[in-house]
Amino acid sequence: VVESWQGKFKDGKNFHDDRVPDYRLPDPLVSEAGKAITETEDWTNIRRPEILELFRKHVYGIRPTTPYQIDFEEVGRQENAYGIGAVARQVRATVTAEKGVRSFDFVLVTPKSGQPAPLIVMIHNRSAVTLENAVGEASSFWPVETLIRRGYATAGFHTSDVDPDEKSGYGKGIRSLLDANDSDPMTRWHTLSAWGWGASRVLDYALKQPGIDPERTAVVGHSRGGKTALWAGAEDPRFKLVYSNNSGCGGAALSRRAFGETVERINTSFPHWFNGNFKTYNGKEGELPVDQHQLIALIAPRPVYVTSRDRDLWADPRGEYTSVVQAGPVYGLFGLEHITDPEMPPLDTPLHIGSTGYHILTGKHNLDEQDWGHFLDFADGVFKRKTGE
Ligand code: GTR
């Protein structure tokens, strides 16, 4: 166990690499009982379920098992979007459970019908997601037209429409609707998990539509959405590719580096994102039973793409990159090529090696067309291998 460094960083911030504490990461390939995992079956049956359970209990929370009914209704539609035969629909998901009813909307845009298209589910945390916004003015944050022109279908929803992004939002979203009355705040799901659940419901709908290829689905998010994308991919293996941009603390960045935003800081600013147990590790990252490289490992053998910005030190680019490297042995167990170099690649130079990809672009905290371009190149590659084209 690494010594505790509580109180070492003013306001829970650290921007000095030389103040990163010595740390030892939990080994993704050694079981809790100390057994070395050397076969893919043991990863799938023993180690992966263990790590998933640890993240549920200690970080994101446990999703409830309350029965509910979900109905989807098309509430808006645009034919021939962009003049290239794409179809855009606004869909309302209505969830009915014993405690009541709640709805959230999302948008699905599919290219002109033909071969089944790969699908990208976008966890949006900026402007409202409506039919008008999706097919109206171009956005580089979620560049729908670019995705369609590159042959992808895409569905987007706004995080807050599923569960409010508010400290005291518990009573207002899907979490309380589905939680048991006596659910324990220490372990129950918090908003990142609820948003990930939302991504899975959007996928439920999309996979029932003609023209979507269930073997080529991706989930994408930026920042808090990027944290969510990783967790959504861990919880739902129907996502065959995960892309997390500038996700930082509680996303791709290693908690034990305590660089940029620390566990203590994020839990103080955003107490609704992670469960109560995660808060007990404030300033005690070394005592966490998991670290974020294992979150990436949960996605293996499915491919993963992680990206950073050089001026987004708050999200700890080096910690994000190192997670990808440290998840590598799990890809290796599956005989898959992956990034192994401990040195980060140069700026603005995508590194795509087998099932893992990474880039760090010049600039501040953001997701734009440049990121999307590199990501789509990576997605084209991994999906092509999949269909054997
Ligand atoms: C910040 C937060 C980050 C990141 C970001 C965002 O305020 O500290 O963890 O999630 O918000 O979502 O844009």
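These notes cover the structure that comes with them.

### Topic: the sheet that holds strand β10 (residues 304-309)
(1) Moving on: Taken together, ten strands build an open sheet; the order of strands is β2-β3-β4-β6-β5-β7-β8-β10-β12-β11 and the sheet is mixed. Pairing within the sheet leaves two strands with one partner each, and these edge strands are β2 (69-81) and β11 (351-353). Pairwise comparison of adjacent strand axes, ignoring direction, gives a mean angle of 15° for this sheet.
(2) Moving on: Where strand β3 (residues 86-97) lies against strand β4 (residues 100-110), eleven bridges are found, and the strand directions are antiparallel. Looking across to β4, one finds that Arg89 is bridged to Leu108.
(3) Moving on: Seen against the sheet, helix α6 (residues 191-207) touches β2, β3, β4, β5 (117-124), β6 (153-158) and β7 (212-222) and runs at an angle of roughly 60° to β4.

### Looking at the site of the ligand
(1) Moving on: Around the ligand, the neighbouring residues are Ser223, Arg224, Lys227, Glu261, Ile266, Phe270, Trp273, Trp314 and His365.
(2) Moving on: One nitrogen or oxygen atom from the side chain of Glu261 is found 2.5 Å from an oxygen atom belonging to the ligand.
(3) Moving on: Contact distances for the ligand include 3.2 Å between an oxygen atom and a side-chain N or O atom of His365.
(4) Moving on: Relative to its free-state accessible area of 320 Å², the ligand is covered by the protein chains to the extent of 80%.

### So, unusual backbone geometry
(1) Moving on: Put simply, Ala300 and Pro301 share a cis peptide bond, and its omega is 5°.
(2) Moving on: Note on placement: Pro301 falls in the loop between α10 (292-299) and β10.
(3) Moving on: Unlike most non-glycine residues, Asn80 shows phi in positive territory, near 50°.
(4) Moving on: Examined against the element boundaries, Asn80 turns out to sit in strand β2.
(5) Moving on: Look at Asn80 and you get partly exposed, because its relative accessible area is 44%.
(6) Moving on: For Ala258, which is not glycine, the phi dihedral falls at a positive 45°.
(7) Moving on: Residue position: Ala258 is located in the loop between β8 (241-245) and β9 (260-261).

### Focus: the packing of helix α7 (residues 224-235) against α10
(1) Moving on: Direction vectors running N to C along α7 and α10 enclose 50°, while the axes themselves pass 8 Å from each other. As the angle between them shows, α7 and α10 are arranged oblique. Every pair of crossing elements has a handedness; the one defined by α7 and α10 is left-handed. Contacts from Leu230, Trp231, Gly233 and Ala234 of α7 reach α10 at Leu295, Ile296, Leu298 and Ile299.
(2) Moving on: For the contact of α7 with α10, the class distribution of residues is seven nonpolar, one polar and no charged.

About the criteria used
Residues numbered from 1 in each chain as written. Predicted model: local features only at pLDDT ≥ 70, side-chain atom pairs only at ≥ 80, totals over all residues. Heavy atoms only, no water. Pairing = 2+ DSSP bridges. Helix = DSSP H or I, 4+ residues; strand = E, 2+ residues; numbered from the N terminus. Axes fitted to C-alpha atoms, helices over the stretch in contact; angles between N-to-C directions. Contact = heavy atoms within 4.5 Å. Near = heavy atom within 4 Å. Polar contact = N/O pair within 3.5 Å; in protein donor to acceptor, adjacent residues only side chain to side chain. Areas by Shrake-Rupley, 256 points an atom, 1.4 Å probe, with all protein chains shown as cover. Buried < 20%, exposed > 50% of the residue type's maximum accessible area, 1.4 Å probe, protein only. Parallel < 35°, antiparallel > 145°, perpendicular 65-115°, else oblique. Left-handed = near helix turned anticlockwise from the far one by under 90°. Nonpolar A, V, L, I, M, F, W, Y, C, P; charged D, E, K, R; others polar.

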